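# Descriptive analysis of the structure
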Amino acid sequence: MPASPRWLLAAALLLGSLPALAQTPAPPVPAGSPPVPRAWKTGEEAAAIERRIDALLAQMTLEEKVGQLNLWGRGDEFRLEWVEQGRTGAVMNFVSPMEVRAIQLRAARSRMRIPAIIALDAINGFATYMPQPLGQAATFNPRLVELASYWSAREARAVGINWTFAPMIDMTRDARWGRVMEGAGEDVHLASILAAARTVGYHRGGLATSAKHYIGYGEAEGGRDYNSVWIPVSKLWDYHMPPFQASLAAGAFTVMTSLSAMNGIASTADRHLVAEVLKGQLGFRGFVVSDFESVKELIAHGQAADGPDAVRRAFGAGIDMDMMAGLYDAHLAQLVRSGAISEAAVNESVRRVLRVKMHMGLFEEATYDPALAQRDLGTAEARQASLEIAREAVILLKNENAILPLKPSVRSVAVIGSLATHQADWQYTENAGLPRVISPRLTDALAAILESRVRVTAAAGFATHCSLAAGDTAGAVATARAADVAVVMLGEDCEQYGEGTSRAHLDLPAHQQALLDAIIATGKPVVVIMHTSRPFVLTRFIDRVAAVIQAFHLGTEGRTALAEVLAGRTNPSGKLPMTMPRATGQVPIYYDRLPTGRPRLKDFRYETGYLDEKLEPLFPFGFGLSFSRFTFDQLTLSSPTVPRTGTVAGSVRLTNAAGPAGQEVVQVYVRQRVGQRSRPVRQLKHFEKVAVAPGSSQTVTFRIPVQALGYHDDAGRYVVEPGEYDIFVGGDSNATLAARVTVTE
Ligand code: BGC
């Protein structure tokens, strides 16, 4: 059952480097009713599937074939009878167990008896919520990320879902874009390893995956969702492709296009990148689904004149399945009859859909049993997993005078902000009429952990539970004044993140800043918890508060994990998966930038920088404090020279010099000093989360294949150049401990 070796292998194959996870055990197999893992079959089994598809295709009418290429969902138009009529091969957004069962029974009554795929965006949970993917990435722990996907899958599976529109593995360096929380942040090495981990986790939990959004969606200009994207070939292959390659290598069943246009071609009409690159060059065997109505949106993109034209463009580009536009349903058969599209091409797309269904094992699967929902939703194990992941996702950004963990001398704590004081749950179970899983208030979680002599008081401070409007500021101030320490939870929730939530301002909304200012003015020490789904700008208050914790939406048990950190029961080990800017105007800002001819050396006008802000970010990628003080030294490489076919092997000593037992993420960055083109000032090539006992040291080794140090040229060719490479090792992307290695021919 342990699936880790498969994603380890996938990531290793792809990146040429085995991520250093030898110390992380395979995830435990949860008890209960383990789902059937989804996996591509091989050898004779795979060959038999192709023969079975031949036989089915030979019996199908053109309409039945087109039916397999339609993805319909809950909505005005769709009728359940269509499943029985063979008019749809897949459905989405049905989350009630009885409805799912009805869909399956109808598919079983259709003439060809082809089972339906039942899809949902199970991004980070169904009943029990795991941290959002950006929060998961902050753990720098692929084992936990796999576990998060496993539970998200398993709970969605419990209501009969078998396909998820996840993982979202778009790369982004722009916190203005609302969908950064669905991905793994700004770094391609971390994101690729986590893309593989998430893919495997979903499969283990019983869902087929859809790697999305192919490709470049996260580069939306200005951070405006759906906006156009411009990506040169070298960057496409160095930065955007690797997570897709990792997900495919880990067995992704399907790929979803994006809603945007890259280099002037809408992703859903991009024949080169879909038909030639994805299906050809990368050898993808599954099917490609359009994003929501994106076949129809080709008209708005100005790349199709009308419905039939949109179908010609999308289908011709290699889009096998039409999500929710209804245009394949309306026009594809007619386009075949008129000779505009060949039936052979339709057969090929249907083959891909049937192949996925057969490799998923859908044809053999028993009809879904709604009793599963009662048994498998909101279990203690899922909650435990959610807590374990949330603990490692808490990022401590500032801790002046070690105010945290709260000292025994603290007798009262005021918890302020409705994000902390309301009970939370999530929508799916409610929509499905299933029991809700409630996330505890921070106040309750904290009171439960702190000894009873500590008084925990609460004030919502805002008018809405999502902190969207000002509320009782005076009450919040009075509550803070009466306590020894104020913990203020701010940020964004509800409709403030995800698709269609771009921001032009990354500072706190004015009413939140005003409340915080009022609390700071009490003179009490203030601990701020940023509960956001993207990096915010903290510059306006960072110097005036004692501590700051960053929480990228930590899920059902997130507030328990936060309480544990406040109380010192959990030593934080989360690291920033995205750079935190000092000002919105610095965005996009990221650590693996190219050097400039005029670096900032003397604070002089004709050097890169701003008139009105520092050049550096507020916190760099990979940053996160611990209650322990870690030091790095004794960096050694096994050899000063390595051939191009070799491996850079080295070690470093990591010491837990002060404080409790803790975990540190050892990060190894590489810079190619001179190349045919400018190379990034540093790039993460290896990381490992290591637990160190108080006062003790560990020697941590790393191995980076030289083949992982190259880049793509403008023609898309991968090159690894001989010459000098600097290695930097430390606990964030500003690591200063350095060594040099020469790569020889
Ligand atoms: C999003 C996709 C999502 C789909 C179905 C679209 O609007 O871009 O990521 O999978 O909706 O919910």
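The residue numbering used here restarts from 1 in each chain and proceeds along that chain's sequence as written. Reporting of local features is limited, given that this is a predicted model, to residues whose pLDDT is at least 70; pairs of side-chain atoms are given and counted only at 80 or more, and all residues count toward the totals for whole chains, interfaces and linings. Neither water nor hydrogens contribute to the side-chain values; these are computed over all heavy atoms in the structure.

Time to look at empty space enclosed by the protein. Think of a 1 Å grid over just the protein atoms. A cavity is a set of points where a 1.4 Å probe fits yet cannot get out, a pocket is an open set with protein on both sides within 12 Å along at least five of seven lines, and lining residues have an atom within 4 Å of a point. Grid points are joined across faces, edges and corners, and a volume is the space filled by probe spheres set on the points. Tallied over the full model, the rule gives 5 cavities of 30 Å³ or more. Size it by volume and the largest cavity reaches roughly 100 Å³. Looking at the largest cavity, the residues that line it are Met60, Glu64, Gln68, Val83, Gly86, Thr88, Gly89, Ala107, Ser110, Met112, Ile114 and Ala116. Asp, Glu, Lys and Arg are counted as charged, while Ala, Val, Leu, Ile, Met, Phe, Trp, Tyr, Cys and Pro are counted as nonpolar; the rest, among them Gly, fall into the polar class. Of the residues in the lining of the largest cavity, the class split is 6 nonpolar, 5 polar and 1 charged. In this structure, the second largest cavity spans a volume of roughly 60 Å³. Considering the residues around the second largest cavity, the lining is formed by Val670, Arg671, Gln672, Arg679, Pro680, Gln683, Lys685, Leu709 and Tyr725. Helix and strand definitions follow DSSP, with helices as H or I runs of at least four residues and strands as E runs of at least two, each counted in order from the N terminus. Those elements that place two or more of their residues in the lining of the second largest cavity are β20 (662–672) and β21 (683–692). In terms of residue count, β20 provides more of the lining of the second largest cavity than any other element does, 3 residues in total. Taken together, the residues of the lining of the second largest cavity break down into 4 nonpolar, 2 polar and 3 charged.

Attention shifts here to the packing of helix α19 (residues 442–449) against helix α22 (residues 558–567). Contact geometry of α19 with α22 gives a least axis separation of 8 Å together with a crossing angle of 45°. The orientation of α19 with respect to α22, classified from their angle, is oblique. Relative to α22, the crossing made by α19 is right-handed. Note on element contacts: α22 touches α19 through Arg559, Thr560, Leu562, Ala563, Glu564, Leu566 and Ala567, opposite Leu442, Ala445, Leu446 and Ile449. Across the contact of α19 with α22, the residue classes break down as 8 nonpolar, 1 polar and 2 charged. In this analysis an axis means a line fitted to C-alpha atoms, helices contributing only their contacting stretch, and an angle means the value between N-to-C directions, from 0 to 180 degrees. Oblique is the label for every angle not falling under 35 degrees (roughly parallel), over 145 degrees (roughly antiparallel), or within 65 to 115 degrees (roughly perpendicular). Definitions for this section: a left-handed crossing has its near helix turned counterclockwise from the far helix by less than a right angle. A right-handed crossing has that turn clockwise. In what follows, a contact means two residues having at least one pair of non-hydrogen atoms within 4.5 Å.

In this section: the packing of aromatic side chains. Planes of paired rings set the category: under 30 degrees apart is stacked, over 60 is edge-to-face and the rest tilted, where pairs are Phe, Tyr or Trp rings (Trp by its six-membered ring) whose centres lie within 6.5 Å. The final tally for this structure, using the stated rule, is 16 aromatic pairs. A centroid spacing of 4.8 Å and a plane angle of 15° characterise the contact between Trp40 and Phe253, whose relative ring orientation is stacked. Remark: Phe253 occurs in the loop between α9 (233–249) and β6 (254–257) and Trp40 occurs in the loop between α1 (4–15) and α2 (43–59); sequence separation between them is 213 residues. Where Trp72 meets Trp82, the ring centres are 4.9 Å apart and the plane angle is 70°; that geometry is what we call edge-to-face. Pair noted here: Trp72 is in strand β1 (residues 70–73) and Trp82 is in helix α4 (residues 81–84), with a separation of 10 residues, a long-range link.

The subject of this paragraph is the side chain of Glu557. By secondary structure assignment, the location of Glu557 is in the loop between β16 (547–552) and α22. Excluding residues that lie within four positions of it along the chain, Glu557 makes contacts with Arg383, Ser386, Leu387, Ala390 and Pro440.

This part takes up the nonpolar core. For the purposes of this section, nonpolar cores are sets of buried Ala, Val, Leu, Ile, Met, Phe, Trp, Tyr and Cys residues that join through side-chain atoms within 4.5 Å. Partly exposed describes any residue whose relative accessible area lies between the buried limit of under 20% and the exposed limit of over 50%, with all areas from a 1.4 Å probe on protein chains only and scaled to the type maximum. Core analysis: the biggest nonpolar cluster contains 78 residues, and Leu71, Trp163, Tyr214, Tyr328 and Leu332 have the highest contact counts within it. Counting residues per element, this core draws most heavily on helix α14 (residues 343–360), which supplies 7 residues. Excluding its chain neighbours within four sequence positions, the residues that come into contact with Tyr214 are Met241, Phe244, Val255, Met256, Thr257, Ser258, Ser267, Leu273, Val274, Val277 and Leu278. In terms of nonpolar packing, the next biggest core, distinct from the first, is built from 48 residues, Ala483, Leu515, Val526 and Met530 among them.

Let's shift gears to the sheet that holds strand β9 (residues 287–289). For two strands to count as paired, DSSP must find a minimum of two bridges between them. Spatial strand order, β5-β6-β9: 3 strands in an open sheet with parallel pairing. Edge positions in the sheet fall to β5 (210–214) and β9, since each has one partner strand and no second. Mean inter-strand twist for the sheet, computed between neighbouring axes without regard to direction, equals 25°. With 3 bridges connecting them, β5 and β6 associate as parallel partners. The residue bridging Ala211 from the neighbouring strand is Val255, located in β6. Taken strand by strand, α9 contacts β5 and β6, and its axis lies near 160° from that of β5.

Once that is clear, we can look at the confidence of the model for the chain. The predictor reports its confidence for every residue as pLDDT, a score running from 0 up to 100. In the predicted model, the chain carries a mean pLDDT of 94, and the fraction of residues at 70 or more is 95%. For residues 1–31, every residue scores under 50 in pLDDT, and the model assigns this stretch 62 contacts once sequence neighbours within four places are set aside.

Moving on: the state of the cysteines. The disulfide definition used here is simple: a pair of cysteine sulfur atoms within 2.5 Å. Under the counting rule described, the total for this entry stands at 1 disulfide. Disulfide pairing places Cys466 opposite Cys494 at an S-S distance of 1.6 Å. Because the sign of the S-S torsion sets the handedness, a value of about -55° for the bond joining Cys466 and Cys494 places this disulfide among the left-handed ones. Of the two residues, Cys466 is situated in the loop between β13 (455–459) and α20 (473–481) and Cys494 in the loop between β14 (485–491) and α21 (510–520); the sequence distance between them amounts to 28 residues.

Turning next to the pairing of strand β11 (residues 395–399). Most of β11 sits out of view: 5 of its 5 residues are buried. Where β11 and β16 come together, 4 bridges link them in antiparallel fashion. From the neighbouring strand, Lys398 faces β16, where its bridge partner is Val548.

It is worth spelling out the site of the ligand at this point. Taken together, Met92, Asp121, Phe165, Arg179, Lys212, His213, Met256, Leu259, Asp291, Phe292, Met323 and Glu499 make up all the residues around the ligand. Interatomic distance of 2.7 Å between a side-chain N/O atom of Arg179 and an oxygen atom of the ligand. Contact between the ligand and Asp291: an oxygen atom at 2.5 Å from a side-chain N or O atom of the residue. Reported accessibility uses the Shrake-Rupley method at a 1.4 Å probe radius. Residues are deemed covered only where the shown protein chains occlude them. If the ligand stood free it would expose 310 Å²; the protein chains cover 90% of that surface. For the shell around the ligand, the class distribution of residues is 6 nonpolar, 1 polar and 5 charged. For this description, a residue counts as near a given molecule or strand if any of its non-hydrogen atoms is within 4 Å of it. In protein, a polar contact requires one atom able to donate a hydrogen and another able to accept it; more generally it is a pair of N or O atoms within 3.5 Å, and residues adjacent in sequence count only if both atoms are side-chain atoms.

Next up on the list: the sheet that holds β21. Here 5 strands make up an open sheet; going across it, the order is β18-β26-β25-β20-β21 and the pairing mixed. If you trace the sheet from one side to the other, it starts and ends with β18 (641–643) and β21, each paired once. The mean angle between the axes of side-by-side strands here comes to 25°, regardless of whether they run parallel or antiparallel. Pairing geometry for β20 and β21, over 9 bridges, is antiparallel. Paired with Tyr669 across the strands is Leu684, a residue of β21.

On to the pattern of salt bridges. Definition used for salt bridges: Asp or Glu carboxyl oxygen within 4 Å of a side-chain nitrogen of Lys or Arg. The final tally for this structure, using the stated rule, is 48 salt bridges. Among the salt bridges present, the one from Arg337 reaches Glu63, with a minimum N-O distance of 2.8 Å. Taken as a pair, Arg337 in helix α13 (residues 327–337) and Glu63 in helix α3 (residues 62–68) lie far apart in primary sequence, 274 residues in all. The class for Glu63 is partly exposed, based on a relative accessible area of 42%. The shortest N-O distance in the salt bridge between Arg717 and Asp713 comes to 3.1 Å. Of the residues examined, Arg717 reaches a relative accessible area of 54% and is grouped as exposed. Residue classification places Asp713 among the buried residues on the basis of a relative accessible area of 15%. Here the salt bridges do not stand alone but share partners, grouping Glu50, Asp54, Arg351 and Arg355 into one network.

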